[in-house]
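Examination of the molecular architecture
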Amino acid sequence: MKKKVAHALLLVLVPLLVFGVIGEIVLRVYLASHMFYDVEMSRYALALKVDSPNRKIGHHHRANGDAHLMGVDVRTNADGFRDDDYPVEKGDKRRFMFLGDSLTLGWGVEKEETFEHHLEQQLDALEPTEVINLGVGNYNTTQEVNLFLDKGLKYAPDDVVLFYFINDAEPLPKKAGVPVVGHSRLITFFWSRIKAARARLSPDTADYREYYSALYRDGADGWTKSQAALLQLRDACADAGIGLRVVLLPELHQLDPYTFAPEYEQVMGFLAANGIRARDLTPRFQDEPDPRTLWVSLDDAHPNARAHALIAEYTLDFLTRPESGE
């Protein structure tokens, strides 16, 4: 009887194993010339992310990392920043430090096309300036602030700019329980398709609008911690004599009317009430006829090269006018 059961299991498992191996090979060949957001994000986590000893950071970039993600090269310096190596001791140039998530990192965009690079060039044309980019994918405000305190403060910047995005109020993400699964393109691809199908078919599944809006309800843990982190950043910058500004970046699915106008008004109100200068860029994007022309790809609404250029254009004067109360 046991032999029959074992034989039956082999008849099932062997074809599944063969299918899995062949499917993995075929999908890897296919993905060599086609990109899917979830697969690329999985590759990003495996290639460039490492655990941080600081639980308020969770993860940061591998030092001196190098990966080809979403069609572009991403290299990190000795501190894990997607930037050149800067001496810790500041020279004669005015030094800015940009904090943020994957948008500030420049996901899917060449380094030379990021708003960080555009602004560094534009600011340097006005006065000698350098910009250090601390953007890391999948960060919230708490992680951004704590990365600055751990790795950025030693660079003694003259100015810090935190680029805020609607999902900055998310709770600290939990590490995946089975990280080896991320090595399989087949599992990652089909799991992402299953999640997408469930989201479309299940009436109980909140869409991205409901999900992001819920982050800002009274008592929401992530927003509460984001506010505390912003105040911690304000106080740390004040103690060190560092200028602080916050720039709110648009979520690019719907721009007119902007989907998250009430949530961004809430963020701007908090910043104003606590003496933190801020600018909301979303009104400047409302005349864009088709937001999809600003996306990295059809399944990824991260800003593309044109969107990065617009972000830089709409931010520049905010960084150069100290009297501005925005």
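Residues numbered from 1 in each chain as written. Predicted model: local features only at pLDDT ≥ 70, side-chain atom pairs only at ≥ 80, totals over all residues. Heavy atoms only, no water.

Some details on the overall build of the protein
Counting secondary structure elements, the protein contains 10 helices and 11 strands. In the protein, buried positions account for 47% of the 326 residues. Of the contacts made within the protein by residues no fewer than 6 positions apart, 74% connect residues no fewer than 24 positions apart. Carbon and sulfur atoms make up 58% of the accessible area of the protein, which totals about 16,500 Å². (Helix = DSSP H or I, 4+ residues; strand = E, 2+ residues; numbered from the N terminus. Buried < 20%, exposed > 50% of the residue type's maximum accessible area, 1.4 Å probe, protein only. Contact = heavy atoms within 4.5 Å. Areas by Shrake-Rupley, 256 points an atom, 1.4 Å probe, with all protein chains shown as cover.)

A closer look at unusual backbone geometry
Cis geometry is found at the peptide bond from Asp-256 to Pro-257, where omega equals -5 degrees. Looking at the element boundaries, Pro-257 is found in the loop between strand 8 (243–248) and helix 9 (261–273). At Met-70, a residue that is not glycine, the phi angle is positive and equals roughly 50 degrees. Take Met-70: it is sitting in the loop between strand 3 (66–69) and strand 4 (72–75). Backbone geometry places Asn-138, a non-glycine residue, at a positive phi of 65 degrees. Structurally, Asn-138 is set in the loop between strand 6 (129–133) and helix 5 (141–152).

Notes on the pairing of strand 6
With five of five residues buried, strand 6 lies mostly within the body of the structure. For strand 5 (residues 94–99) and strand 6, the ladder comprises five bridges, and the chain directions are parallel. By the bridge assignment for strand 6, Phe-96 is matched with Val-131. (Pairing = 2+ DSSP bridges.)

Some points on the packing of aromatic side chains
Summed over all chains, the structure comprises 15 aromatic pairs. Through pairs of rings, three or more aromatic residues link up here, namely Tyr-208, Tyr-211, Tyr-212, Tyr-258, Phe-260 and Tyr-264. (Phe/Tyr/Trp six-rings, centres within 6.5 Å; stacked < 30°, edge-to-face > 60°.)

Focus: the pattern of salt bridges
According to the stated counting rule, one finds 18 salt bridges in the structure shown. We note a salt bridge from Arg-43 to Glu-40, for which the minimum N-O separation is 2.9 Å. On the criterion of helical spacing, the pair formed by Arg-43 and Glu-40 is a turn pair, its members being three residues apart in helix 2 (residues 37–48). A salt bridge links Arg-94 to Asp-159; the nearest nitrogen and oxygen atoms lie 2.8 Å apart. Of this pair, Arg-94 sits in strand 5 while Asp-159 sits in strand 7 (residues 159–164), and the two are 65 residues apart along the sequence. Assessed through its relative accessible area of 21%, Arg-94 is described here as partly exposed. Among the residues examined, Asp-159 registers a relative accessible area of 6% and is labelled buried. (Salt bridge = Lys/Arg side-chain N within 4 Å of Asp/Glu carboxyl O.)

Observations concerning the environment of Ala-45
Examined against the element boundaries, Ala-45 turns out to sit in helix 2. Between the C-alpha atoms of Ala-45 and Gly-137, which are 92 residues apart in sequence, the distance is 8.9 Å.

Thoughts on the sheet that holds strand 9 (residues 277–280)
Whether parallel or antiparallel, the strands of a sheet pair through hydrogen bonds between backbone atoms. Here we have five strands laid out as an open sheet, ordered 6-5-7-8-9, and parallel in their pairing. Every interior strand has two partners, whereas the edge strands, strand 6 and strand 9, have only one. Across the sheet, the axes of successive neighbouring strands diverge by a mean angle of 20 degrees, strand direction being ignored. Looking at chain direction, strand 8 and strand 9 are connected through four bridges and run parallel. Of the residues in strand 9, the one forming a bridge with Val-247 is Arg-279. Sheet strands touched by helix 10 (residues 305–320): strand 5, strand 7, strand 8 and strand 9. Its angle to strand 9, the strand with the most contacts, is close to 165 degrees. (Axes fitted to C-alpha atoms, helices over the stretch in contact; angles between N-to-C directions.)

Looking at the environment of Arg-94
In the structure, Arg-94 is positioned 34 residues away from Pro-128 in sequence and 6.2 Å away in space, judged by C-alpha atoms. Excluding its chain neighbours within four sequence positions, the residues that come into contact with Arg-94 are Glu-127, Pro-128, Thr-129, Glu-130, Asp-158, Asp-159, Arg-245 and Leu-319. One polar contact links Arg-94 to Glu-127, side chain to side chain, over a distance of 3.1 Å. (Polar contact = N/O pair within 3.5 Å; in protein donor to acceptor, adjacent residues only side chain to side chain.)

Thoughts on the packing of helix 5 against helix 8 (residues 221–240)
At a minimum axis separation of 8 Å, helix 5 and helix 8 run at an interaxial angle of 25 degrees. Classified by the angle between their axes, helix 5 and helix 8 sit roughly parallel to one another. Where helix 5 crosses over helix 8, the two elements pack in a sense that is left-handed. Contacts between helix 5 and helix 8 involve Thr-141, Thr-142, Val-145, Asn-146, Phe-148 and Leu-149 on the former and, on the latter, Lys-225, Ser-226, Ala-229, Leu-230, Gln-232, Leu-233, Ala-236 and Cys-237. For the contact of helix 5 with helix 8, the class distribution of residues is eight nonpolar, five polar and one charged. (Parallel < 35°, antiparallel > 145°, perpendicular 65-115°, else oblique. Left-handed = near helix turned anticlockwise from the far one by under 90°. Nonpolar A, V, L, I, M, F, W, Y, C, P; charged D, E, K, R; others polar.)

Re helix 10
The first and last C-alpha atoms of helix 10 sit 23 Å apart over 16 residues, in line with the 22 Å expected at 1.5 Å per residue. Along its length, helix 10 shows its largest kink, about 30 degrees, at Tyr-314. All of the buried residues in helix 10 are Ala-307, His-308, Leu-310, Ile-311, Ala-312, Tyr-314, Thr-315, Phe-318 and Leu-319. Where helix 10 starts, the residue carrying a side-chain oxygen 3.2 Å from the main-chain nitrogen of Arg-306 turns out to be Asn-304. (Expected span 1.5 Å × (residues − 1). Bend = angle between axes of the 7 residues up to and from the residue.)

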